[in-house]
Amino acid sequence: MFLNIENLHAQVEDKTILKGINLRVNPGEVHAIMGPNGSGKSTLSSVLAGREDYEVNAGEIRFLDHDLLEMDADERAQQGVFLAFQYPVEIPGVSNKLFMHTALNAKRAAEGLPALDMFDFEQLALEKMKRLEMSPIMLERSVNVGFSGGEKKRNDIFQMAMLEPKLCIMDETDSGLDIDALRIVANGVNALRSNERSFIVVTHYQRLLDHIKPDFVHVLYDGKIIKSGGFELAQELEERGYDHLIQAYEKV
Amino acid sequence: MTTLSKPMKKFSPLAQAAMDYYQSQAKQLMQAEGEGHAVTAFRQAALNRFLEQGFPTRKDEDWQFTPLSNFLKTHYAFNGVSRIDEAAIAAVKPKVDGWHLVFVDGYFSEILSDDLAGMPSGVSLESGKDALDFEQGFRVFADHETDIEQDAFGMLNAMLFDDGLFIELAAHVRLAKPIVVSYVQTLASHANTTRCKIKLGRGAQLQLIEQYVAIDAGCGFENSVCEIDLAEQAKMSQVIWQNLPEQGMFFNNQFIDLAEQAQFNTHYIGLGSAISRHQNHVQMAGERIESEQNSICFARNQQIMDTRTYTGHSVEWGASRQLHKLVLADQAIGVFNGMIKVDQKAQKTDGMMDNKNLLLSNKAQMNAKPQLEIYADDVKCSHGSASGQISADQIFYLQARGLTKQQARQLVTLAFLMEPLESVADHAVRDWLQQALSAAVTPYLN
Ligand SMILES: Nc1ncnc2c1ncn2[C@@H]1O[C@H](COP(=O)(O)OP(=O)(O)O)[C@@H](O)[C@H]1O
Ligand SMILES: [Mg+2]
């Protein structure tokens with residue numbers, strides 16, 4: 001079993017947001033999650049990554065051999081869960097270099113690997129940045145500070161490329177990207193695809209999916225997956241929107 | 001019977017006992033110096049003022065958040081024999097290439113200081129003790145006496161200073177390496193009272209690093225006053241590193257006069273002492289002066305850290321920059337008080353004062369008072385102060401990349417504290433400060 005989400009319920013403060021999510025992801029699969037604003041997509045992503053503000057009051061998440069809900073966010077990251085944020089966070093005064101060097105070595109320590117020294121780290125980082133068409137200067141700059149929206153998203157994908165996670169969750173990585181940036185991000189993602197690595201791609205738009213070709217598409221609405229299908233479901237949503245699905249769901 | 005024009009101030013028994021004690025110490029010093037010495041009248045005048053005004057209390061607006069009762073409880077000694085552990089002193093010197101000078105328990109130590117024979121000509125260096133041997137020698141340290149003696153610590157300093165440092169650079173003299181002064185305490189409950197004077201001639205340049213630290217049982221009362229005088233186009237950068245033990249007492253008061261086109265940059269880093277109070281008074285009395293004042297304070301447990309600046313713009317086209325950052329943990333108290341005053345003639349002034357504070361505990365307390373007083377109409381001035389907690393979004397972001405919560409908090413807190421170091425121009429000095437700050441603070445971050 002790679003990832004199995006069963007009957008997941010989550011709330012923030014007094015508001016129930018996720019109302020029984022069931023999702024099974026096998027190694028190498030790409031799942032797209034679509035749905036109108038406010039349906040709970042970012043909440044699902046955050047709960048998977050281990051954000052503490054959300055209280056899980058029912059359900060279970062198994063990831064590899066782990067009970068994911070028992071683990072802190074940093075342990076999950078070290079075990080290969082990665083969330084590319086809808087809104088990457090600015091951290092003034094902390095350089096991308098120091099941040100990623102620390103993060104990469106934390107993960108290597110968890111895997112029993114020796115730490116990378118600054119020289120080897122830089123070499124690796126510059127290689128990955130080149131593929132994402134990022135300027136080497138970005139390594140010296142404070143994490144996301146003064147970055148454009150597109151640069152922030154690209155920086156998250158860079159981090160993903162560095163950490164080589166097993167499960168990549170991307171929360172609206174495509175929103176706010178122009179066509180070129182979208183292509184670069186999609187190429188970065190495609191370069192990471194493998195039989196062992198799985199993706200959950202949250203998006204509103206088909207355009208990223210055209211590049212990434214998901215195996216499954218799910219529609220999230222009001223905290224539940226109301227429909228699942230193949231890539232053709234994304235095309236249907238692009239033409240017809242969510243309304244007909246929502247109406248059909250609410251009639252039942 | 002005499003009638004007094006003013007009723008005598010009433011002092012608490014604690015304050016009165018301390019006043020009696022410091023009076024007796026001043027009298028001993030005056031006796032030793034001899035009645036005929038010119039400095040005696042100077043000390044006596046300060047003593048008279050001190051006996052009249054006493055120590056400030058929480059009723060004094062400038063001392064509202066800085067209670068002195070813990071200071072008054074101990075009567076700090078003015079004599080004592082320092083045990084000089086050369087290796088230990090060498091180990092605490094800043095890891096910076098420079099001309100190193102060492103003071104032990106308030107007195108200049110020639111043996112522990114570098115041989116200054118290789119210094120370029122045009123540099124005069126003299127200990128305060130040597131200067132005091134001259135009949136009128138003390139006067140070189142007393143240009144701002146009225147301002148210095150505005151508070152009890154200034155008066156105490158006048159009554160009791162017995163050593164210090166005089167540095168003068170002739171016009172256009174530039175020192176390639178910094179002068180690094182270590183004030184090392186080795187005795188418990190000892191008073192170290194020093195005065196410094198730094199004078200730069202036209203176009204001269206100096207980098208000065210001062211550190212206040214302790215070894216062995218060292219844990220005392222540091223009371224220093226410093227006058228800094230920059231002629232036209234002179235340039236000085238200063239770093240003050242204060243990391244005395246947690247029970248230490250630190251009072252430092254600087255008076256900085258800047259002439260046309262002078263550039264002055266100072267960084268104060270406060271980490272130690274039970275009570276610490278660092279003050280700058282900057283007078284920008286010439287066109288196109290640039291001044292920069294920064295501070296970094298990290299306070300924990302019951303520490304009280306008080307940072308104050310006064311910046312006076314009296315002539316056109318002055319630029320002043322300030323960034324003051326405090327991190328407060330546990331029940332620590334932070335105080336920032338800053339004033340930018342712009343005279344009517346000081347058009348085109350560009351003044352900026354920023355104070356940012358990070359509270360790591362909800363029992364910590366920050367008192368900030370940034371102030372502007374502007375009498376000119378064509379100026380650009382701003383001031384601000386903000387206090388907050390570590391952002392949960394930042395911590396989650398870092399954790400989501402595999403950093404533990406503790407690593408994440410350390411990284412964010414250190415980054416917050418380090419920001420003012422970006423304007424330390426000398427890379428070697430900045431590297432030393434970054435490493436030293438990280439090493440000093442990290443153990444207390446969890
Ligand atoms: N921290 C929070 N506090 C209160 N309400 C929240 C919080 N996070 C999300 N919500 C609410 O939960 C719902 C789902 O939000 P979200 O998961 O961000 O949806 P999506 O990503 O699908 O747009 C929304 O109604 C949102 O307002
Ligand atoms: Mg969202």
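As the structure is a computational prediction, the values presented were derived from the model and not from experiment.

Let us look at the overall build of chain A. For chain A, the count of helices and strands is nine helices and twelve strands. For a compact globule of 252 residues, the expected C-alpha radius of gyration is about 18 Å, and chain A comes in at 18 Å, within 12% of that figure. With respect to the principal axes defined by its C-alpha atoms, chain A has extents near 60 × 40 × 35 Å. Burial analysis of chain A (252 residues in total) assigns 54% to the buried set. Taking the intrachain contacts of chain A between residues at least 6 apart in sequence as the baseline, contacts between residues at least 24 apart amount to 67%. Per element, the accessible surface of chain A, about 11200 Å² overall, is 46% carbon and sulfur. Averaged over its 27 positive side-chain charges, chain A has a centre that lies 4 Å from the centre of its 40 negative ones.

With 15 residues, helix α5 (residues 149-163) of chain A should reach 21 Å at 1.5 Å per residue; the first-to-last C-alpha distance of 22 Å fits that figure. The buried count for α5(A) comes to 13 of 15 residues, which makes it a mostly enclosed element.

Time to look at the packing of helix α3 (residues 96-110) of chain A against helix α4 (residues 118-131) of chain A. Residues and elements named next belong to chain A. Orientation of α3 relative to α4, taken along the N-to-C sense of each, is 105 degrees, at an axis distance of 11 Å. With respect to α4, the element α3 is oriented roughly perpendicular. Contacts between α3 and α4 involve K97, M100, H101 and L104 on the former and, on the latter, M118, F121, E122 and L124. Grouping the amino acids of the contact of α3 with α4 by side-chain chemistry returns five nonpolar, one polar and two charged.

Residues and elements named next belong to chain A. Neighbouring residues of ligand 1: V12, K15, I17, P36, N37, G38, S39, G40, K41, S42, T43 and Y54. Within the side chain of K15, an N or O atom sits 2.8 Å from an oxygen atom of ligand 1. Compared with its free state, where it exposes 550 Å², ligand 1 has 66% of that area covered by protein. Residues that form the shell around ligand 1 fall into these classes: four nonpolar, six polar and two charged.

Sheet strands pair via backbone hydrogen bonds, and the direction of the pair is either parallel or antiparallel. All names here are of chain B. Read from one edge of the open sheet, ten strands run β2-β1-β5-β7-β9-β11-β13-β15-β17-β19, paired in mixed fashion. Edge positions in the open sheet fall to β2 (107-109) and β19 (380-388), since each of these has one partner strand only. The average undirected angle you get between the axes of adjacent strands in this sheet is 10 degrees. Examined bridge by bridge, strand β1 (residues 99-104) and β2 share three bridges and lie antiparallel to one another. Each bridged residue has a counterpart across the sheet, and for F103 the counterpart in β2 is F108.

All right, on to the packing of aromatic side chains then. Counting across every chain of the model gives 32 aromatic pairs over all chains. Between B:F42 and B:F138 the ring centres are 4.7 Å apart and the planes differ by 40 degrees, which places this aromatic pair in the tilted class. In this pair, B:F42 is assigned in helix α2 (residues 38-53) and B:F138 in the loop between α5 (128-133) and α6 (145-148), connecting sequence segments 96 residues apart. No difference in accessibility class separates B:F42 from B:F138, as the two residues are buried. Through successive ring pairs, a cluster of aromatic residues spans B:Y21, B:Y22, B:F50, B:F55, B:W63, B:F71, B:Y76, B:F78, B:F153, B:F221 and B:F251. The lysine or arginine in question, A:R207, covers the ring of A:Y205, its NZ or CZ lying 5.7 Å from the ring centre.

All names here are of chain B. The domain architecture assigned to chain B consists of domain 1 (83-390) and domain 2 (391-446). Distance between the C-alpha centres of domain 1 and domain 2: 24 Å. Contacts between domain 1 and domain 2 engage 29 residues on the former and 23 residues on the latter. When the buried surface of domain 1 facing domain 2 is broken down by residue, I296, K325 and I390 rank first, second and third, together holding 28% of it. Our count for the domain 1 to domain 2 interface comes out at one salt bridge.

Before going further, it helps to spend a moment on the pairing of strand β10 (residues 198-202) of chain A. Residues and elements named next belong to chain A. With five of five residues buried, β10 is to be regarded as a mostly interior element. By the alternation rule, side chains of β10 split into S198, I200 and V202 and F199 and V201, which are all buried. Bridge count for strand β3 (residues 30-34) against β10 is four bridges, and the pairing is parallel. Looking at the pairing, H31 lines up with I200 of β10.

Moving on to the interface of chain B and chain A. Chain B puts 17 residues into the contact, and the matching count from chain A is 32 residues. Roughly 2000 Å² is buried in total at the junction of chain B and chain A, and carbon and sulfur atoms are behind 66% of that figure. When the buried area of chain B at its contact with chain A is split by residue, B:F396, B:Y397 and B:R401 rank highest and sum to 41% of it. Linking chain B with chain A are three salt bridges. Close ionic contact of A:D156 with B:R401 constitutes a salt bridge, the shortest N to O distance being 3.3 Å. Where chain B meets chain A, there are eleven residue pairs in polar contact (both at pLDDT 80 or more). The set of elements that each furnish at least two residues to the side of chain B that touches chain A consists of α8 (392-399) and α9 (405-418) of chain B. The element that contributes the greatest number of residues to the side of chain B that touches chain A is α8(B), accounting for seven residues.

Peptide bonds are trans in most cases, and residues, glycine excluded, mostly fall at negative phi. Residues and elements named next belong to chain A. Its identity is not glycine, yet L64 carries a phi of approximately 55 degrees, on the positive side. With respect to the element layout, L64 can be found in the loop between β4 (55-63) and β5 (66-67). The exposure class of L64 is partly exposed, given its relative accessible area of 28%. A positive phi is found at E133, a non-glycine position, where the angle reads about 50 degrees. Tracing the sequence through the fold places E133 in the loop between α4 and β8 (142-143).

Here the focus is the coordination of the magnesium ion (ligand 2). Residue and element names in this part refer to chain A. S42 (OG) and Q86 (OE1) make up the full set of protein donors to the magnesium ion (ligand 2), lying at 2.1 to 2.3 Å. With S42 in helix α1 (residues 41-49) and Q86 in the loop between β6 (81-84) and β7 (91-95), this pair connects stretches of sequence that are 44 residues apart. Taking the relative accessible area as the measure of exposure, Q86 reaches 17% and is therefore buried.

A contiguous patch of negative charge, built from B:E110, B:D115, B:D130 and B:D133, is present on the exposed surface. Mapped onto the elements of the fold, B:D130 is located in helix α5.

Bringing the sheet that holds strand β18 (residues 365-374) of chain B into the picture now. Residue and element names in this part refer to chain B. One open sheet holds the nine strands; their spatial order is β3-β4-β6-β8-β10-β12-β14-β16-β18, and the pairing between them is mixed. In the strand order of this sheet, the two ends are held by β3 (123-127) and β18, each with one partner. Each strand of the sheet is rotated relative to its neighbour by a mean of 5 degrees, with strand direction disregarded. In this structure, strand β10 (residues 249-258) lies alongside strand β12 (residues 275-284), joined through ten bridges in parallel fashion.

Looking now at α8(B). When you tally the buried positions in α8(B), you get six out of eight residues, the bulk of the element. Capping the start of α8(B), B:S391 holds a side-chain oxygen 3.2 Å from the backbone nitrogen of B:D393, two or three residues further along.

Calculation criteria
- Residues numbered from 1 in each chain as written.
- Chains lettered and ligands numbered in written order.
- Predicted model: local features only at pLDDT ≥ 70, side-chain atom pairs only at ≥ 80, totals over all residues.
- Heavy atoms only, no water.
- Helix = DSSP H or I, 4+ residues; strand = E, 2+ residues; numbered from the N terminus.
- Rg over C-alpha atoms; globule rule 2.2 N^0.38 Å.
- Buried < 20%, exposed > 50% of the residue type's maximum accessible area, 1.4 Å probe, protein only.
- Contact = heavy atoms within 4.5 Å.
- Areas by Shrake-Rupley, 256 points an atom, 1.4 Å probe, with all protein chains shown as cover.
- Lys, Arg positive; Asp, Glu negative; His and termini not counted.
- Charge placed at Lys NZ, Arg CZ, Asp CG, Glu CD.
- Expected span 1.5 Å × (residues − 1).
- Axes fitted to C-alpha atoms, helices over the stretch in contact; angles between N-to-C directions.
- Parallel < 35°, antiparallel > 145°, perpendicular 65-115°, else oblique.
- Nonpolar A, V, L, I, M, F, W, Y, C, P; charged D, E, K, R; others polar.
- Near = heavy atom within 4 Å.
- Polar contact = N/O pair within 3.5 Å; in protein donor to acceptor, adjacent residues only side chain to side chain.
- Pairing = 2+ DSSP bridges.
- Phe/Tyr/Trp six-rings, centres within 6.5 Å; stacked < 30°, edge-to-face > 60°.
- Lys NZ or Arg CZ within 6 Å of the ring centre and 35° of its normal.
- Domains from an automatic or database assignment.
- Buried area = accessible area lost by both parts, 1.4 Å probe.
- Salt bridge = Lys/Arg side-chain N within 4 Å of Asp/Glu carboxyl O.
- Donors = N, O, S within 2.8 Å, 3.2 Å for Na, K, Ca; no water.
- Patch = residues over 30% accessible without salt bridge, like charges linked within 9 Å, V, L, I, M, F, W, Y side chains within 5 Å.

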